[in-house]
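# What the coordinates show
Given next are the chains, with one letter for each unit.
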There are 2 protein chains.
Amino acid sequence: MTPAATAPSSRDLPHPAREEIRLEGVLHALSDPMRLRIVRDLAADSDELFSCSYFDLPVTKSTTTHHFRVLRESGVIRQTYRGTAKMNGLRRDDLDDLFPGLLDALLAAADRQSARLGTG
Amino acid sequence: MTPAATAPSSRDLPHPAREEIRLEGVLHALSDPMRLRIVRDLAADSDELFSCSYFDLPVTKSTTTHHFRVLRESGVIRQTYRGTAKMNGLRRDDLDDLFPGLLDALLAAADRQSARLGTG
DNA sequence: GCCGTACTACGATGCCTATCGTACGAGTCG
DNA sequence: CGACTCGTACGATAGGCATCGTAGTACGGC
């Protein structure tokens, strides 16, 4: 009965409402190198959704799951199931509404640091 | 032999050099509510220096010392002794040079959240 | 129905950290 | 010198968290 090719499955995941997103939580989520890297990758193609397995992180799958959950529960990303895959996208709309300019400043800062350190 | 009234004493404190400041460290430092509050207070009067005891935090002095050290070691604040007092100031110059616009975006986000939640 | 893939749940482990209390050092003022 | 203030150092404690491995669930295809 799947209505369309890209429809989310019945399973759904708990996300904080926009008003529940806390700055401290966002900063904490982004203070981990692995999670910052994920967010930068997501931001590189802001209109696309990426499955968890798209990211080739130097940690096990368990740990990857953990990081994606932290990002979701802090309100940084949105996750939806599509079949067996779990698609991830930045919550840019909500973050820009709550904290205008913050996400861009953070991403620019991360880019700048990467360029300076030659790490990406 | 104190050369002038506002001269720092002989004791000095280890600060990271500008190039050593890491974005992840800054975000981690600011992800603690107590430290975010300190930084917001410091930013309110950016040209002034404040002693540690100026901040009336709901924690003991030991804990306050700990938070100020985290802020200093992450490169967010600069600390200098002046007599028995330890003066604190934002490292706005260094942060603005490394991550242009980031500090302002963070402070604006914090202000916005405070206004929204009625917490300051 | 069966298998493979994608992700999760749970338990363990070791480290980090926010907090406290107490004891101490550095400076200032009488 | 002696007392007082400001902040530090150290130890303890409790909770959080990044990581792993293994076992399990959900979904899609054969």
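Relevant structure appears above.
In this report, we go over the structure that sits alongside the text. The shown structure was predicted, so the numbers you read here are calculated from the model rather than taken from an experiment.

## A short note on the relation of the copies chain B and chain A
- Screw-axis analysis of chain B against chain A gives a translation of 0.0 Å along the axis, an RMSD of 0.0 Å, and a rotation angle of 180 degrees. In short, the pair behaves as if placed about a two-fold rotation axis.
- Mapped onto chain A, 100% of the interface residues of chain B are again interface residues, and the two copies thus contact each other with one and the same surface.

## A closer look at the protein's contact with DNA strand C
- In the vicinity of DNA strand C, 24 residues are found, and the nearest of them are Thr84 and Lys86 of chain A together with Thr60, His66 and His67 of chain B.
- Taking all atoms of DNA strand C within 4 Å of the protein, the share assigned to sugar and phosphate is 73%.
- Taking cysteine 52 of chain A, its main chain carries an N or O atom lying 3.2 Å from a phosphate oxygen of DNA strand C.
- Histidine 66 of chain B is positioned with one of its side-chain polar atoms (N or O) 2.8 Å from a phosphate oxygen of DNA strand C.
- Put simply, the parts of the chain that give the surface near DNA strand C at least two residues each are α3 (61-73) and β3 (85-90) of chain A together with α2 (33-44) and α3 (61-73) of chain B.
- Here the element with the most residues in the surface near DNA strand C is α3 of chain B; it accounts for 4 residues.

## Examining the packing of aromatic side chains
Residue and element names in this part refer to chain A.
- Evaluation of the coordinates by the stated rule reveals 8 aromatic pairs over all chains.
- Judged by centre distance (4.5 Å) and plane angle (35 degrees), the rings of phenylalanine 50 and tyrosine 54 are tilted.
- Ring centres 6.2 Å apart and planes at 70 degrees place the aromatic pair phenylalanine 50 and phenylalanine 55 in the edge-to-face group.
- In textbook terms, an aromatic cluster arises when at least three aromatic residues are bridged by ring pairs, as seen for Phe50, Tyr54, Phe55 and Phe68.

## Thoughts on the pattern of salt bridges
Residues and elements named next belong to chain B.
- All chains considered together, the criterion is met by 18 salt bridges over all chains.
- The partner of aspartate 93 in a salt bridge is arginine 78, and the shortest N-O contact between them spans 3.1 Å. Here aspartate 93 is found in helix α4 (residues 92-98), whereas its partner arginine 78 is found in strand β2 (residues 77-82), with 15 residues between them in sequence.
- Residue aspartate 93 is classed as partly exposed on the basis of its relative accessible area, which comes to 43%.
- With its nearest N and O atoms 3.0 Å apart, the salt bridge here joins aspartate 94 to arginine 91.
- Assessed through its relative accessible area of 5%, aspartate 94 is described here as buried.
- Taking the relative accessible area as the measure of exposure, arginine 91 reaches 4% and is therefore buried.

## Here's the deal with the packing of helix α2 (residues 33-44) of chain A against helix α5 (residues 102-117) of chain A
Residue and element names in this part refer to chain A.
- Relative orientation of the contacting elements α2 and α5 amounts to 105 degrees, with a least axis distance of 11 Å. Classified by the angle between their axes, α2 and α5 sit roughly perpendicular to one another. Judged by residue contacts, Leu36, Val39, Arg40 and Ala43 of α2 engage Leu107, Ala110, Asp111 and Ser114 from α5.
- Looking at the contact of α2 with α5 residue by residue, the class counts come to 5 nonpolar, 1 polar and 2 charged.

## So, the interface of chain B and chain A
- Each partner contributes residues to the interface: chain B has 25 residues there, and chain A has 25 residues.
- Surface buried jointly by chain B and chain A totals about 2,100 Å² across both partners, of which 65% is contributed by carbon and sulfur atoms.
- Contact with chain A buries surface across chain B, with Glu24, Leu27 and Gln113 of chain B losing the most and accounting together for 23% of the total.
- The tally of links between chain B and chain A comes to 0 salt bridges.
- Remark: the boundary between chain B and chain A carries 12 residue pairs in polar contact (both at pLDDT 80 or more).
- Take the side of chain B that touches chain A: its biggest share by element is 9 residues, from helix α5 (residues 102-117) of chain B.
- Split by residue class, the side of chain B that touches chain A holds 15 nonpolar, 4 polar and 6 charged.

## Some thoughts on the environment of arginine 112 of chain B
- As for its placement among the helices and strands, arginine 112 of chain B is situated in helix α5.
- Overall, the relative accessible area of 43% leaves arginine 112 of chain B in the partly exposed class.

## Details of the sheet that holds β3 of chain A
All names here are of chain A.
- With antiparallel pairing, 3 strands are arranged side by side in an open sheet as β1-β3-β2. Each having just a single partner strand, β1 (50-51) and β2 (77-82) make up the two edges of the open sheet.
- Note that β1 and β3 share 2 bridges and pair antiparallel. From the neighbouring strand, phenylalanine 50 faces β3, where its bridge partner is asparagine 88.
- Contacts between α2 and the sheet are confined to β1, β2 and β3, with β3 contributing the most and set at about 80 degrees to the helix.

Calculation rules
- Residues numbered from 1 in each chain as written.
- Chains lettered and ligands numbered in written order.
- Predicted model: local features only at pLDDT ≥ 70, side-chain atom pairs only at ≥ 80, totals over all residues.
- Heavy atoms only, no water.
- Least-squares fit on C-alpha atoms with pLDDT ≥ 70 in both.
- Contact = heavy atoms within 4.5 Å.
- Near = heavy atom within 4 Å.
- Polar contact = N/O pair within 3.5 Å; in protein donor to acceptor, adjacent residues only side chain to side chain.
- Helix = DSSP H or I, 4+ residues; strand = E, 2+ residues; numbered from the N terminus.
- Phe/Tyr/Trp six-rings, centres within 6.5 Å; stacked < 30°, edge-to-face > 60°.
- Salt bridge = Lys/Arg side-chain N within 4 Å of Asp/Glu carboxyl O.
- Buried < 20%, exposed > 50% of the residue type's maximum accessible area, 1.4 Å probe, protein only.
- Axes fitted to C-alpha atoms, helices over the stretch in contact; angles between N-to-C directions.
- Parallel < 35°, antiparallel > 145°, perpendicular 65-115°, else oblique.
- Nonpolar A, V, L, I, M, F, W, Y, C, P; charged D, E, K, R; others polar.
- Buried area = accessible area lost by both parts, 1.4 Å probe.
- Pairing = 2+ DSSP bridges.

This is a description of form; function is not addressed.
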